[in-house]
Amino acid sequence: MHAHLSSTDGALNMAAGIINMRDIGNTHENIMRISGLYESEQIIGGDLFRAGFMDRESENAMRMGKTADSLEEAKEIVEWYAEHGYQQIKTYSSMEPEWIAPLAKHIHENGMRLSGHIPAFMTAEEAVDAGFDEIQHINMLFLNFMGKIDTRKKLRFTEIGEHAHELDLESAEVGKFLDKLAEKGTVVDATTTVFSSMLLRQPGKVDPEFEDIADHLPVNIQRSFVGAELDVKPEHRDDYDLSADALLKMMRKLHEHKVTMVAGSDGIPGFTLLRELELYAKSGIPAMDVLRTATLVPAQVMGVDQYTGSITVGKNADLVLLEGNPLEDISALRRTALVIEGQNLYRPDELYQALGIKPFHPSVPFELNGTTTIAAKSE
């Protein structure tokens, strides 16, 4: 539920058992090219859902999609995305807080949802009250209680590292906010792994979020796991470690307050999402509910649960066969043995090998017309 897709990502996701994806920000030209390649089966990939990306024009603007100089221009961009089949709008940090309420109304009138980063100098609660349907990134939940900071800058990371652990998650203030999210049906796309990784990485050491799988990956990718991402002063090292733990505690509180959660990665295709689910389980969320954040709940959020998201007669054959029971051991999700996407069958071990990755488990062999293949279409 949180991808920024390139043409090679579908194979990595499919090998990990991730069949359908939501692109949460891209150029129109790139995402339509990828969508066309998926649909024509020139490259591997399942169903693709698209969020139109928007920011306010400024020196700090993120130019991943479209930028607007005024509210009226922002509304015109919304209409353009609606006409081009986008399911939702994602806004970024430079958006004017006073634009959000009228923009949300216009987005909803055009049959789309609104999600994104909380704009600079606005709180998450204000954004939800103004019409946000979904919040991207767990740091935005903590920042809600830290004043109106400039979320265009690294403060959105360093404030979390230094102070997230100081927030009393048992307080009435936090409980009231989480209850509001639940009552309004506001979705949280936490991408916890990328923030945990950011807080825990240290100079000369392997990223702890990926140390269990690093030796499966090509050397150039392994090298990217070594070293710090933020310049953490020695006097703040303990704060960052405690704040990484606070991220997991917040995930558990979201579950306890029945906030709708969807699993997204915002990182390495396939591997980051599986780690995201492991962190949810580590936080204390029951395994069945962890699995729902990546299956039925996303399908419900995107309005497609009538044909995917659960195993039911009449739904699409989006199926993943695992070695092991993820209800007993969530890491079984890494041991994909066969992936079925409609009439296409994939052997994850052969996909991984083709991508230069050491497989995690042998695939279940299958034959069609006497020939075992990586991906075969049944007649």
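Residues numbered from 1 in each chain as written. Predicted model: local features only at pLDDT ≥ 70, side-chain atom pairs only at ≥ 80, totals over all residues. Heavy atoms only, no water.

Overview of the pairing of strand E5 (residues 113-116)
Each regular strand displays side chains that alternate between the two surfaces of the sheet. Put simply, the test is: A simple rule labels every residue: compare its accessible area, found with a 1.4 Å probe on the protein chains alone, to the largest value its type can have, and call it buried under 20%, exposed over 50%, or partly exposed in between. By the criteria applied, helices consist of DSSP H or I runs no shorter than four residues and strands consist of E runs no shorter than two, each listed in order from the N terminus. Strands qualify as paired when DSSP identifies two bridges or more between them. A crossover counts as right-handed when, viewed with the strands pointing away from the observer, the path leading from the first strand over the helix to the second turns clockwise.
Residues Arg113 and Ser115 point to one face of E5 and Leu114 and Gly116 to the other, with burial holding for every one of them. Sheet analysis places strand E4 (residues 88-91) next to E5, joined by 4 bridges and oriented parallel. The partner of glutamine 88 across the bridge, within E5, is arginine 113. For the crossover that starts at E4, traverses helix H4 (residues 97-109) and ends in the parallel E5, the hand is right-handed. Bridge analysis of E5 against strand E6 (residues 134-136) gives 2 bridges, and the strand direction is parallel.

Considering helix H2 (residues 28-39)
The following threshold applies: Any helix carries an expected span of 1.5 Å times its number of residues minus one. Working rule for contacts: check all heavy atoms of both residues, and any pair within 4.5 Å makes them a contact.
For H2, which comprises 12 residues, the first-to-last C-alpha distance of 16 Å matches the rise-based estimate of 16 Å (1.5 Å per residue) to within 8%. Inspection of H2 places His28, Asn30, Ile31, Ile34, Ser35, Leu37 and Tyr38 among the buried residues, and these make up the whole buried set. On its buried face, H2 is in contact with helix H1 (9-15), strand E1 (21-23), strand E2 (48-56) and helix H3 (71-83). Positive phi appears at glutamate 41, one or two residues downstream of H2, with a value of about 60°.

Let's talk about the nonpolar core
To keep it simple, the criterion reads: Nonpolar cores were defined as sets of buried Ala, Val, Leu, Ile, Met, Phe, Trp, Tyr and Cys residues, with membership established by side-chain atoms within 4.5 Å.
Ile135, Ile138, Leu141, Phe142, Leu181, Met250 and Leu254 are the most contacted members of the largest nonpolar core, which totals 93 residues. Counting residues per element, this core draws most heavily on helix H11 (residues 237-256), at 7 residues. Aside from chain neighbours lying at most four places away, what touches isoleucine 135 is Gly116, Ile118, Ala124, Val128, Met140, Leu141, Leu181, Thr186, Val187, Val188 and Asp189. Listed in part, the 9 residues of the second largest apolar core include Val187, Ala299, Val301 and Met302.

Here we look at the packing of aromatic side chains
Put simply, the test is: Any Phe, Tyr or Trp ring, taking Trp's six-membered ring, that has another such ring centre within 6.5 Å forms a pair; planes under 30 degrees apart are called stacked, those over 60 apart edge-to-face, and the others tilted.
One pass over the structure, following the stated rule, counts 9 aromatic pairs. Look at tryptophan 80 and tyrosine 81: their rings are 5.4 Å apart centre to centre, the planes differ by 80°, and that puts the pair in the edge-to-face class. Of the residues examined, tryptophan 80 reaches a relative accessible area of 25% and is grouped as partly exposed. Taken together, a centroid distance of 5.8 Å and an interplanar angle of 50° make the contact between phenylalanine 271 and phenylalanine 360 tilted. You can see phenylalanine 271 sitting in helix H12 (residues 271-283) and its partner phenylalanine 360 sitting in the loop between helix H15 (348-354) and strand E12 (375-377), a full 89 residues away along the chain. The burial state of phenylalanine 271 is the same as that of phenylalanine 360; both residues are buried. By the ring-pair criterion, three or more aromatic residues cluster together here, those being Trp80, Tyr81 and Tyr86.

Some remarks on the side chain of threonine 336
Rule in force here: By the criterion applied in these results, polar contacts are pairs of N or O atoms within 3.5 Å in which, for protein atoms, one can donate a hydrogen and the other can accept it, and in which residues neighboring in sequence qualify only through two side-chain atoms.
Its location among the elements puts threonine 336 in strand E10 (residues 336-341). Looking at threonine 336, its side chain comes within polar contact range of the main-chain oxygen of alanine 15, at 2.8 Å. Apart from residues lying up to four places away in sequence, threonine 336 is in contact with Ala15, Ala16, Gly17, Val320, Leu321, Leu322, Pro348 and His361.

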